[in-house]
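# Examination of the molecular architecture
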Amino acid sequence: MRHPLLAPLLFSAACLAAPLMAAETFPGVEKLMSAEQFEAAGLHKLTPAERQALDHWLVSYTAEEAPAMLRSNPEVRAAEESIRIEARIKPPFEGWSGETLFYLDNGQVWRQRLRGRYFHRGEDTAVVIEKNLLGFYKMTVVASGKSIGVTRLK
């Protein structure tokens, strides 16, 4: 059962936070989560106003508090360090040679961070992106085992 003050509180927060964020610039919690995660969290039960208030709160939290938690909270640091992205680079993919951009099938865009050249042959464009011991991301082409440092753009 929902708390009786939840809806008015969330609606008030949405009204106050509306000037802080244009709706078209933030995708919203519903798009950030998978359908399964969204439903498992019970967020499908929220009204549109409640979801909007949650989105506004998430933007503020991400900007204000999340960066500090990345530095100070052991649980958050451990979660960040365990990030492993498995995807495919959208064609055409022929390797990298400088500041190559990698468009992944999951919608993410990464840029080559380190110098290097690699000429990819074949159709398999599966990659794994993980953090290294220094906290930088490394992308590995599964078929060849070749890796390059990358930075996420989107």
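Parameters and conventions
- Residues numbered from 1 in each chain as written.
- Predicted model: local features only at pLDDT ≥ 70, side-chain atom pairs only at ≥ 80, totals over all residues.
- Heavy atoms only, no water.
- 1 Å grid on protein atoms, 1.4 Å probe; cavity = no way out; pocket = protein on both sides within 12 Å on 5 of 7 lines; lining within 4 Å.
- Points joined across faces, edges and corners; volume = space filled by probe spheres on them.
- Helix = DSSP H or I, 4+ residues; strand = E, 2+ residues; numbered from the N terminus.
- Nonpolar A, V, L, I, M, F, W, Y, C, P; charged D, E, K, R; others polar.
- Salt bridge = Lys/Arg side-chain N within 4 Å of Asp/Glu carboxyl O.
- Buried < 20%, exposed > 50% of the residue type's maximum accessible area, 1.4 Å probe, protein only.
- Core = buried A, V, L, I, M, F, W, Y, C linked by side-chain atoms within 4.5 Å.
- Contact = heavy atoms within 4.5 Å.
- Pairing = 2+ DSSP bridges.
- Axes fitted to C-alpha atoms, helices over the stretch in contact; angles between N-to-C directions.

### Some points on the layout of surface pockets
Its volume calculated, the largest pocket comes out at about 670 Å³. Taken together, 16 residues make up the lining of the largest pocket; nearest its centre are Leu58, Tyr61, Thr62, Ala66 and Leu70. Of all the elements in the fold, those that place two or more residues in the lining of the largest pocket are α4 (48-64), α5 (66-72) and α6 (74-81). Residues that form the lining of the largest pocket fall into these classes: 12 nonpolar, 1 polar and 3 charged. A volume near 160 Å³ is recorded for the second largest pocket.

### Considerations on the pattern of salt bridges
Overall, the coordinates contain 4 salt bridges when judged by the stated rule. Note that arginine 84 and glutamate 86 form a salt bridge whose closest N and O atoms lie 2.8 Å from each other. A residue is classified by how much of its surface remains accessible, and arginine 84, at 46% relative accessible area, is partly exposed. Classification of glutamate 86 by relative accessible area gives exposed; the value is 57%. One salt bridge in this structure joins aspartate 124 and arginine 88, with 2.9 Å as the shortest N-O distance. In this pair, aspartate 124 sits in the loop between β5 (117-119) and β6 (126-131) while arginine 88 sits in strand β1 (residues 84-88), placing the two residues 36 residues apart along the sequence. Among the residues examined, aspartate 124 registers a relative accessible area of 33% and is labelled partly exposed. Residue arginine 88 is classed as partly exposed on the basis of its relative accessible area, which comes to 40%. Salt bridges sharing partners connect three or more residues here, namely Arg84, Glu86 and Glu130.

### Description of the nonpolar core
Of all hydrophobic cores here, the largest spans 16 residues; its most connected members are Trp96, Phe102, Trp110, Ile129, Met139 and Val150. Sorting the residues of this core by element identifies β1, β6, β7 (137-141) and β8 (147-152) as the ones contributing at least two each. Aside from chain neighbours lying at most four places away, what touches tryptophan 110 is Ile85, Thr100, Leu101, Phe102, Leu104, Ile129, Tyr137, Val150, Thr151, Arg152 and Leu153.

### Some thoughts on the pairing of β7
Within β7, 4 of the 5 residues are buried, leaving the element largely enclosed by the surrounding structure. Direction of pairing for β6 relative to β7: antiparallel, over a ladder of 5 bridges. What sits directly across from valine 127, in β7, is valine 141. Here β6 folds back onto β7 in antiparallel fashion, the turn holding 5 residues, of which glycine 135 has a positive phi close to 95°. Here 4 bridges tie β7 to β8, and the two strands are oriented antiparallel to one another. Paired with lysine 138 across the strands is glycine 149, a residue of β8. Hairpin connection of β7 to β8: 5 residues between the antiparallel strands, including glycine 145 at a positive phi of 80°.

### Quick look at the sheet that holds β1
One open sheet accounts for 6 strands, arranged β1-β6-β7-β8-β4-β3; its pairing is antiparallel. The open sheet has two edge strands with one neighbour each: β1 and β3 (101-103). The average undirected angle you get between the axes of adjacent strands in this sheet is 35°.

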